[in-house]
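# Structure at a glance
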Amino acid sequence: MSSTAEFLFNRRIVLGARDHLGATALAHVSQPLPALVASLILVGAATGVVHETGGTYLPWVHLLYIPILIGAFAYKFVGGVTVAALAGLAVGPWMPLSVENAQAQESAAWIARVLFFMAVGGFAGIVFGALERQRRALAENAMKSQQTGLPNRRQLVVDIQATRIDAVLLVIELSRHDDVADSLGFRHLDQYLSAAAERIQQVLPDPSRLYDLREGRFAALLDSSGSAEDHRAAAHRIPDALDEPLPLDGLPFLSEAQVGVVYVLPGGGEAMDIIRRGGIAVRQAASTGRRVVVYDARDDERHARSHLLLSELQQEMRGGSGLSMRYQPKIGLADGSCRSVEALVRWKHATLGQISPAEFIPLIEGTVLVDEFTRWMFGSVLRELATGLFDDEKLCVSVNVSVRNLESSGFADDVASLVAAHRVPAERIEIEVTESAVMRDPAGFGAALRDLRSAGFRIALDDFGTGQSSFTYLSEMPLDVLKLDRSFTTALHDRRESTVIVESAIRAAHGLGLEVVAEGIEDEATREQLASLGCDLGQGY
């Protein structure tokens with residue numbers, strides 16, 4: 001971006017700030033005038049006090065330091081020296097040493113006083129000047145990022161509040177900066193962020209300004225001239241530019257970015273709320289795999305609903321009646337008998353009706369409520385088992401757990417304590433984890449699963465086929481059950497390849513001593529085909 005364009009854009013922001021910051025600016029501009037008037041009035045008043053109290057031999061003469069310091073504070077060195085000279089002359093040759101005796105001052109005495117006053121005023125002016133420069137430097141640094149030197153979030157808030165023109169805010173999220181910090185260290189992270197900022201600035205349209213909101217997140221404030229397509233094109237140029245690796249110490253390092261777009265209208269909301277909307281848009285881009293997302297007001301409604309659901313879900317877990325357990329049978333494909341069940345949570349909201357688990361469970365997994373929710377779920381299942389919900393006292397119940405639960409130290413001990421408290425045999429509980437979750441850290445989660453299996457629980461790998469695991473990994477995992485994802489089940493009639501894959505998976509799982517469950521069986525033909533392929537159990541969707 002050219003310096004001329006940046007000047008013009010910043011000038012438009014400043015011009016638009018007159019109404020917003022007018023009173024503050026006027027106060028700063030007019031500060032010296034009342035300080036000058038106050039200094040002169042105080043010099044005159046102090047001079048009158050000195051004369052009325054008897055002359056310069058009395059300590060009232062020191063009252064003149066007050067206007068001297070005021071002059072030094074307002075005008076720094078020049079003001080301190082000037083007011084000091086005026087004060088010194090005010091009690092100079094025409095001010096008696098003693099009014100009562102009409103005794104004049106010696107010339108050396110009042111000249112020395114003038115020089116001393118000027119020295120004090122000059123020194124005070126130098127001190128006040130240094131403090132003012134330090135204050136301005138601190139204020140300036142408070143508006144800049146220490147990592148990149150760019151204007152920071154505080155400055156962006158000021159600029160949004162000040163602008164009286166339509167503008168476009170781009171919020172830019174880097175997705176690889178944590179990799180740089182983990183692999184190369186924080187010194188290289190600073191270099192990476194600075195290099196990314198420079199790359200972004202090269203493709204920003206004129207006029208615009210780039211801000212560093214926090215580590216890995218930038219924002220750009222653009223002039224709104226042009227069409228919506230122009231704004232999207234400008235946003236797309238940013239991740240496109242970052243596709244080319246950034247050089248760090250001569251090594252190319254990959255970078256990725258998503259961009260959220262939000263329009264800034266005069267009077268269109270608080271600055272922090274506008275920035276929040278940009279954050280919503282960029283998170284939407286990241287979660288959907290898109291590079292650019294324009295903020296949609298409906299996203300606010302979704303976020304408000306999510307917040308409401310999380311708040312009320314917490315109340316439900318602590319004494320509400322809306323949450324309940326339902327049990328889906330797993331049927332033996334050979335004989336049609338119910339061999340086990342899967343525990344499923346259902347929520348009937350008092351005003352919203354039935355809330356899908358597909359909506360509220362992902363919300364929980366993104367918060368610390370996930371541990372409390374899992375404890376509630378285990379507690380509910382165990383209470384129903386302990387009170388004889390099922391006639392078959394050996395029927396196994398599978399319970400889904402989150403990857404966040406497995407990351408929690410002592411999770412196996414907590415579940416074992418709950419089971420023991422309800423006097424339910426551990427072998428009646430089967431713990432399900434998804435393949436994609438386990439494959440994030442096979443070694444770490446494998447250890448957590450071994451702890452659970454050592455406590456007597458059965459372990460099932462859910463949604464097999466959706467991740468990138470291999471049977472080599474499966475052979476190292478402490479598993480009892482392999483659950484084929486429903487995508488394989490529904491494709492059995494349509495693609496011969498799916499039949500071959502499912503048959504191979506079943507044989508490999510049996511070779512590892514695992515029981516195989518097929519999900520999503522909705523008709524008799526599918527059940528018969530899976531039974532012919534050797535699948536052990538099946539359940540609906």
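Conventions adopted
Residues numbered from 1 in each chain as written. Predicted model: local features only at pLDDT ≥ 70, side-chain atom pairs only at ≥ 80, totals over all residues. Heavy atoms only, no water. Helix = DSSP H or I, 4+ residues; strand = E, 2+ residues; numbered from the N terminus. Rg over C-alpha atoms; globule rule 2.2 N^0.38 Å. Buried < 20%, exposed > 50% of the residue type's maximum accessible area, 1.4 Å probe, protein only. Contact = heavy atoms within 4.5 Å. Areas by Shrake-Rupley, 256 points an atom, 1.4 Å probe, with all protein chains shown as cover. Lys, Arg positive; Asp, Glu negative; His and termini not counted. Charge placed at Lys NZ, Arg CZ, Asp CG, Glu CD. Phe/Tyr/Trp six-rings, centres within 6.5 Å; stacked < 30°, edge-to-face > 60°. Salt bridge = Lys/Arg side-chain N within 4 Å of Asp/Glu carboxyl O. Polar contact = N/O pair within 3.5 Å; in protein donor to acceptor, adjacent residues only side chain to side chain. Pairing = 2+ DSSP bridges. Axes fitted to C-alpha atoms, helices over the stretch in contact; angles between N-to-C directions. Parallel < 35°, antiparallel > 145°, perpendicular 65-115°, else oblique. Nonpolar A, V, L, I, M, F, W, Y, C, P; charged D, E, K, R; others polar. Core = buried A, V, L, I, M, F, W, Y, C linked by side-chain atoms within 4.5 Å. Patch = residues over 30% accessible without salt bridge, like charges linked within 9 Å, V, L, I, M, F, W, Y side chains within 5 Å. Left-handed = near helix turned anticlockwise from the far one by under 90°.

### As for the overall build of the protein
- Scanning the protein from N- to C-terminus turns up 21 helices and 16 strands.
- Against the compact-globule benchmark of 24 Å for 541 residues, the protein has a radius of gyration of 37 Å, which places it well outside the compact range.
- Over its C-alpha atoms, taken along the principal directions, the protein stretches across nearly 130 × 55 × 50 Å.
- With 541 residues in all, the protein has 44% of them scored as buried.
- Put simply, 69% of the contacts in the protein that link residues at least 6 apart link residues at least 24 apart.
- In the form shown here, the protein has an accessible surface area of approximately 27,500 Å², with 55% of it arising from carbon and sulfur atoms.
- In the protein, which carries 50 positive and 68 negative side-chain charges, the distance between the mean positions of the two groups comes to 4 Å.

### Topic: the packing of aromatic side chains
- Taken as a whole and judged by the stated rule, the model has seven aromatic pairs.
- On the basis of an interplanar angle of 75° and a centroid distance of 6.4 Å, the ring pair of Phe360 and Phe373 is categorised as edge-to-face. Here the residue Phe360 occupies a position in helix 12 (residues 357-365), and Phe373 occupies one in helix 13 (residues 369-386), the gap between them amounting to 13 residues.
- The interplanar angle of 20° and the centroid separation of 6.3 Å between the aromatic rings of Phe373 and Trp376 together place this pair among those described as stacked. With Phe373 and Trp376 both in helix 13 and three residues apart, the pair spans about one turn of that helix. Note on accessibility: Phe373 and Trp376 belong to one class, buried.

### Let's talk about unusual backbone geometry
- A positive phi angle, close to 55°, is found at Ala102, a residue other than glycine.
- Exposure remark for Ala102: the relative accessible area of 66% places this residue in the exposed category.
- In this structure, Arg423 takes a positive phi of about 55° despite not being glycine.
- Residue placement: Arg423 occurs in the loop between helix 15 (411-422) and strand 12 (429-434).
- According to the relative accessible area criterion, Arg423 is exposed, its value standing at 80%.

### Structural notes on the side chain of Arg428
- Tracing the sequence through the fold places Arg428 in the loop between helix 15 and strand 12.
- Of the buried charged residues, Arg428 lacks a salt bridge, with Asp392 as the closest side chain of opposite charge at 6.3 Å.
- From its side chain, Arg428 meets the backbone oxygen of Glu393 in a polar contact 3.0 Å long.
- Excluding residues that lie within four positions of it along the chain, Arg428 makes contacts with Leu385, Asp392, Glu393, Lys394, Leu395, Cys396 and Val397.

### With respect to the pairing of strand 13 (residues 458-464)
- Extensive coverage of strand 13 is indicated by the burial of five of its seven residues.
- Examined bridge by bridge, strand 12 and strand 13 share five bridges and lie parallel to one another. Counterpart to Val433 in the pairing with strand 13 is Leu461.
- Two strands pair when backbone bridges link them, and strand 13 and strand 14 (residues 481-484) are joined in this way by three bridges, in the parallel orientation. Each bridged residue has a counterpart across the sheet, and for Phe464 the counterpart in strand 14 is Leu484.

### Some points on the packing of helix 11 (residues 297-317) against helix 12
- Relative to each other, helix 11 and helix 12 sit at 80°, their axes nearing to 10 Å. Compared by their axis directions, helix 11 and helix 12 come out roughly perpendicular. Only Glu359, Phe360, Leu363 and Ile364 of helix 12 make contact with helix 11, whose side of the interface consists of Arg305, Ser306, Leu309, Leu310 and Leu313.
- For the contact of helix 11 with helix 12, the per-class residue count stands at six nonpolar, one polar and two charged.

### Topic: the pattern of salt bridges
- Scanning the entire structure with this criterion turns up 25 salt bridges.
- For Arg209, the salt bridge identified is with Asp159, shortest N-O distance 2.8 Å. Within this pair, whereas Arg209 is found in strand 2 (residues 208-214), its partner Asp159 is found in helix 6 (residues 153-162), the two being separated by 50 residues in sequence. We note that Arg209, like Asp159, is buried.
- Ionic pairing is found between Glu515 and Arg339, a salt bridge with its closest N-O pair at 3.8 Å. With Glu515 in strand 15 (residues 515-519) and Arg339 in strand 9 (residues 338-349), this residue pair connects regions lying 176 residues apart in the sequence.
- By relative accessible area, which is 22% here, Glu515 ends up partly exposed.
- The network of salt bridges with common partners includes Lys330, Arg339, Glu342, Glu430, Glu432, Arg458, Lys483, Glu515 and Glu519.

### Structural notes on the nonpolar core
- The biggest cluster of nonpolar side chains holds 68 residues, and the ones touching the most others in it are Leu406 and Leu452.
- Counting residues per element, this core draws most heavily on helix 13, which supplies nine residues.
- In contact with Leu452, other than residues within four places in its own chain, are Leu406, Phe411, Ala412, Ile431, Phe457 and Ile459.
- Residues Ala197, Phe218, Leu242 and Val261 belong to the second largest nonpolar core, which totals 28 residues.

### Description of the sheet that holds strand 2
- Overall, mixed pairing links the five strands, which are arranged 2-3-1-6-7 in an open sheet. Sheet topology places strand 2 and strand 7 (292-294) at the edges, where each strand pairs with a single neighbour. Across this sheet, the average inter-strand angle for adjacent strands is 20°, counted without regard to direction.
- Here strand 2 pairs with strand 3 (residues 217-223) via six bridges, running antiparallel. Opposite Tyr211, over in strand 3, you have Ala219 as the bridge partner.
- Across the face of the sheet, helix 9 (residues 228-242) comes into contact with strand 1 (167-174), strand 3, strand 6 (257-264) and strand 7 while running at roughly 155° to strand 6.
- The strands touched by helix 10 (residues 271-288) are strand 1, strand 2, strand 3, strand 6 and strand 7; relative to strand 6, the strand with the most contacts, the crossing angle is about 145°.

### Digging into a nonpolar patch on the surface
- A contiguous nonpolar surface patch, about 610 Å² in accessible area, is contributed by Leu33, Leu36, Val37, Leu40, Ile41, Tyr75 and Leu86.
- The biggest single contributor to the nonpolar patch is helix 3 (residues 32-53), with five residues.
- Residue placement: Leu36 occurs in helix 3.

### Focus: the packing of helix 6 against helix 10
- With their axes 9 Å apart at the nearest point, helix 6 and helix 10 run at an angle of 115° to one another. By the angle class used here, helix 6 and helix 10 are roughly perpendicular. The hand of the helix 6/helix 10 crossing is right-handed. Of the residues in helix 10, those in contact with Arg153, Leu156, Val157, Ile160 and Gln161 of helix 6 are Ala271, Met272, Ile274 and Ile275.
- Across the contact of helix 6 with helix 10, the residue classes tally to seven nonpolar, one polar and one charged.

As far as function goes, none of this settles anything; it's purely spatial.
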